[in-house]
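Here are the chains, one letter per residue:
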Amino acid sequence: MPTVRYRHANVDGLNVFYREAGTVGKPKLLLLHGFPSAGHMFRDLIPLLGDDFHIVAPDLPGFGQSDMPPRDQFGYTFDHIADVIDRFTEVVGFDRFAVYVFDYGAPTGFRLAVKHPERITGIVSQNGNAYVEGLSEGWNPIRAYWEDPSQANREALRKLLAPDTTRWQYTHGVADESLVSPDGIALDNYYLARPGMDDVQLDLFLDYRSNVALYPAFQAYFREHQPRLLAIWGRNDPFFLPPGAEAFKRDIPEARVSFLDTGHFALETHAGEIAEAILAFFAR
């Protein structure tokens, strides 16, 4: 079983917590988590890939064990988060790497790819969207906030931060809920309950519109650079629809697209299948 180490990196004064496994010299793999989680969402995947990759899985700024600076000292935007992770990769010596993107990790990782296409050796998108057709009607309350960033529309989104909503994100579309560990749900809810976290997340809900605005730039990167790409999605995701995965093939004809009979947090139920797909994909 590969050893997992728990480390901290000083990224221009910001403490970024990360998990590391595998052997230096193996192909590098950067794992980027999503909302409302942290690097712990990869707890089952990392041991399955650690013999074949050198893996790092950082907690994004404001998430998990990484620093959560006050909002008046740190702008919680996806541009800023991506800049921190960009510097993080340099601090930990990830000069060329494949990237696994999920949910919020997708607009973070795709920004890195657009900025440094020469550094990206491949992409695994697990419910990590880059196409308008991938956005479900579940985004409508957040879209309303984009169109009218009023206090009323902001307050209406607080229900998305409730403990029951977190659990629903994990279990919706899962055939056998007994496969979903309560540990990840409990830990995510612990982080969400920290003082000030609600406004951090509401800021990010608003800024998510910047990701949609960048979809054409992400797609132009796909067309120009033709990165090796595996899209492996939970087909029952209430937020990111299967057409969003299928759309990758429009810009990367050689992309491989696969669906699993599960929901948003596909690793909770299908870590083994996802690991096998990644190993087979990069062995080609």
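Report on the accompanying structure.

Criteria and thresholds
The written sequence of each chain sets the order in which its residues are numbered from 1. Local features are withheld for residues below a pLDDT of 70 in this predicted model, meaning they are given only at 70 or higher, and side-chain atom pairs are given and counted only at 80 or more; totals for whole chains, interfaces and linings count all residues. Side-chain calculation: all heavy atoms of the structure are included, whereas hydrogens and water are not. Helix and strand labels come from DSSP, where a helix needs a run of H or I of at least four residues and a strand needs a run of E of at least two; each type is numbered from the N terminus. Multiply 1.5 Å by the residue count of a helix minus one, and that product is the helix's expected span. Each residue's exposure class comes from its accessible area (1.4 Å probe, protein chains only) as a fraction of the maximum for that residue type: buried when under 20%, exposed when over 50%, partly exposed otherwise. What makes two strands pair is DSSP finding at least two bridges between them. Between 30 and 60 degrees the pair is tilted, below 30 it is stacked and above 60 it is edge-to-face, where a pair is any two Phe, Tyr or Trp rings, Trp via its six-membered ring, whose centres lie within 6.5 Å. Should the NZ of a Lys or the CZ of an Arg lie within 6 Å of a ring centre and within 35 degrees of the ring normal, that charge is described as sitting over the ring.

Quick word on helix α2 (residues 78–91)
And then number 1: Its 14 residues place the ends of α2 20 Å apart at the C-alpha level, agreeing with the 20 Å of an ideal helix rising 1.5 Å per residue.
And then number 2: Positive backbone phi, at 80 degrees, marks Gly93, one or two positions downstream of α2.

Digging into the pairing of strand β3 (residues 28–32)
And then number 1: Burial of β3 is extensive: four of the five residues sit out of reach of the surface.
And then number 2: Sheet analysis places β3 next to strand β4 (residues 54–58), joined by three bridges and oriented parallel. Each residue of the ladder has a partner; that of Leu29, found in β4, is Ile55.
And then number 3: Note: β3 against strand β5 (residues 97–101), four bridges, orientation parallel. Looking at the pairing, Leu31 lines up with Tyr100 of β5.

A closer look at the packing of aromatic side chains
And then number 1: Taken as a whole, this structure holds 29 aromatic pairs when the rule is applied.
And then number 2: On the numbers, 5.2 Å between centres and 85 degrees between planes, the contact of Phe281 with Phe282 is edge-to-face. In this structure, Phe281 and Phe282 share a single accessibility class: buried.
And then number 3: An aromatic cluster is defined as three or more aromatic residues linked by ring pairs; in this entry it consists of Phe35, Phe63, Phe78, Tyr104, Trp139, Trp146, Phe205, Tyr208 and Phe240.
And then number 4: The ring of Phe281 carries the charged tip of Arg228 above its face, separated from the ring centre by 5.3 Å.

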